[in-house]
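In case you want the letters, here they are:
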Amino acid sequence: MNVKKFKSLVLSRVFLLAVSFSALVSCGGGKGGMKLGDDEFAVMTVVSSVSNQTTRYPATIKGMQDIEIRPQVSGFIVRLCADEGSVVRKGQALFQIDPTQYRAVYNQAEAGVESAKANLETVKATLANKKILHEQKIISDFEYQTANNNLLSAKAALAQAKANLTSAKQNLDFCTVTSPSDGIVGTFPYRVGSLVSASIQPALTTVSQIGNMFVYFSMTEKQLLEMTKTGVSLKEQLNNMPEVKLELADGTIYSHAGKIDAVSGVIDQKTGSVSMRAIFPNEQNVLRSGGMANVIFPYAMENIILLPQTATQEIQDKKFVFICQPDSTVKYSEIQVSELNDGKNYIVTEGLKSGDKIVVEGVQMLRDGQKIVPITPEQRAAKFQQHLTDQKEGNIATAFK
């Protein structure tokens, strides 16, 4: 190959690259999407539709009951019968308080009952003898009445002895501190050797009932009114509310749905919010009392217009779109959108109506009043794919038309 032919080949390739680059630039691109011709823009007709949206509310998880466990007798802890965080059943032992003194009192009360029983039998025998003597006019009425009174006193003494025995037995039983319900045990601020009593602070521990869990969250008064101003009873309103989901602290969605079962009757004047409560099943003990989460509340919105976010421009927190007019010119128009969105589409609340034609791609290259050649998004996608095919196959003549 001579030098002239080599130079000619190099120049032709450079020219071809320059033409290709120029064609790419003329196709547009960038933030607003690819434009396939100088005047061609993808346009869609907006229509009213139904949108299922969700919003999140910070929430606190609580057991159906968080029961403080306190001793009812004083003494030293001699044994821990359960561990922190363990699952316990109603009546299961949690702590053992030294029972020595209470067992001694119980034994003494038990002996007192036996003594009172023996005394009662003696008084009964005495009264029977007095009765015979009284019938024979050997003793006076006063002496016989005294014997009757002694019987009443003996019965009262036995009743008192039995009451003392019951109290002593109860105190002895209280030495074994048990769980009042099924649940999960909290932390232990006291250990073996600690002296405890009914007035201690903090409590021995807390048992949380977690078969079902309450989840508390708040929404604004306006949001609540939108859902409840139906003219039916509160019970019916609660039944009609949709199931809610729970987003856990690690970002995962809890496997079971919950149901709103209570709404506070008082609006917080400081925040303007209303406290609400949902109940969630907790069969696997995943939820723990005191935990934090987000309640995901669904909204079904009817007769709304969904608009791709790529079709909008944002200037100073205001959103604008290009509406295609009957003469194919575009009008730069402001729209209002809802705070709810799915990350891809906006819910338009003002500024558009069903049937309006909106430029959905290439909006960054448009200006108010510009005339365009509207094409459908499907046509745009087909032309784009054809251009890619032509470029891949080296059809330079058609790749960038």
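Use the structure listed above.
Every value quoted in this text rests on a predicted model; they were computed, and no experiment measured them.

Parameters at a glance
Residues numbered from 1 in each chain as written. Predicted model: local features only at pLDDT ≥ 70, side-chain atom pairs only at ≥ 80, totals over all residues. Heavy atoms only, no water. Axes fitted to C-alpha atoms, helices over the stretch in contact; angles between N-to-C directions. Helix = DSSP H or I, 4+ residues; strand = E, 2+ residues; numbered from the N terminus. Parallel < 35°, antiparallel > 145°, perpendicular 65-115°, else oblique. Left-handed = near helix turned anticlockwise from the far one by under 90°. Nonpolar A, V, L, I, M, F, W, Y, C, P; charged D, E, K, R; others polar. Expected span 1.5 Å × (residues − 1). Buried < 20%, exposed > 50% of the residue type's maximum accessible area, 1.4 Å probe, protein only. Contact = heavy atoms within 4.5 Å. Pairing = 2+ DSSP bridges.

Bringing the packing of helix 2 (residues 100–135) against helix 3 (residues 141–174) into the picture now. Direction vectors running N to C along helix 2 and helix 3 enclose 165 degrees, while the axes themselves pass 8 Å from each other. Viewed along their axes, helix 2 and helix 3 adopt a mutual orientation that is roughly antiparallel. Crossing of helix 2 against helix 3: the hand is left-handed. When the residues that make up the contact of helix 2 with helix 3 are grouped by side-chain class, the tally is 19 nonpolar, seven polar and eleven charged.

Turning our attention to helix 3. Spanning 34 residues, helix 3 covers 50 Å between terminal C-alpha atoms, matching the ideal 50 Å at 1.5 Å per step. Residues of helix 3 that are buried include every one of Tyr144, Ala147, Leu151, Ala154, Leu158, Ala161, Leu165, Ala168 and Leu172, and no others. Where helix 3 is buried, its residues contact helix 2 and strand 6 (176–178).

So, about the side chain of glutamine 370. Tracing the chain through its elements places glutamine 370 in the loop between strand 18 (357–359) and strand 19 (373–375). On the basis of relative accessible area, glutamine 370 is assigned to the buried category, the value being 10%.

Before going further, it helps to examine the sheet that holds strand 8 (residues 195–196). Adjacent strands of a sheet form backbone hydrogen bonds with each other and so pair up, either parallel or antiparallel. Spatial ordering of the open sheet is given by 6-5-3-8, a layout of four strands whose pairing is antiparallel. Looking along the sheet, the strands with just one partner apiece sit at the ends: strand 6 and strand 8. Inspection of the sheet shows strand 3 (residues 75–80) paired to strand 5 (residues 93–97) by three bridges, in the antiparallel sense. Across the sheet, leucine 80 pairs through a bridge with phenylalanine 95, a residue of strand 5.

Residues in a regular strand point their side chains to alternate faces of the sheet. Of the strand pairs in this sheet, strand 13 (residues 292–308) and strand 17 (residues 345–350) are connected by four bridges, and their pairing is antiparallel. Within strand 17, the position partnered with leucine 307 by the bridge is tyrosine 346. As defined by bridge partners, strand 16 (residues 330–341) adjoins strand 17 across three bridges and the pair is classed as antiparallel. Residue pairing across strands places valine 337 opposite valine 348, the latter belonging to strand 17. Here strand 16 folds back onto strand 17 in antiparallel fashion, the turn holding three residues, of which glycine 343 has a positive phi close to 90 degrees.

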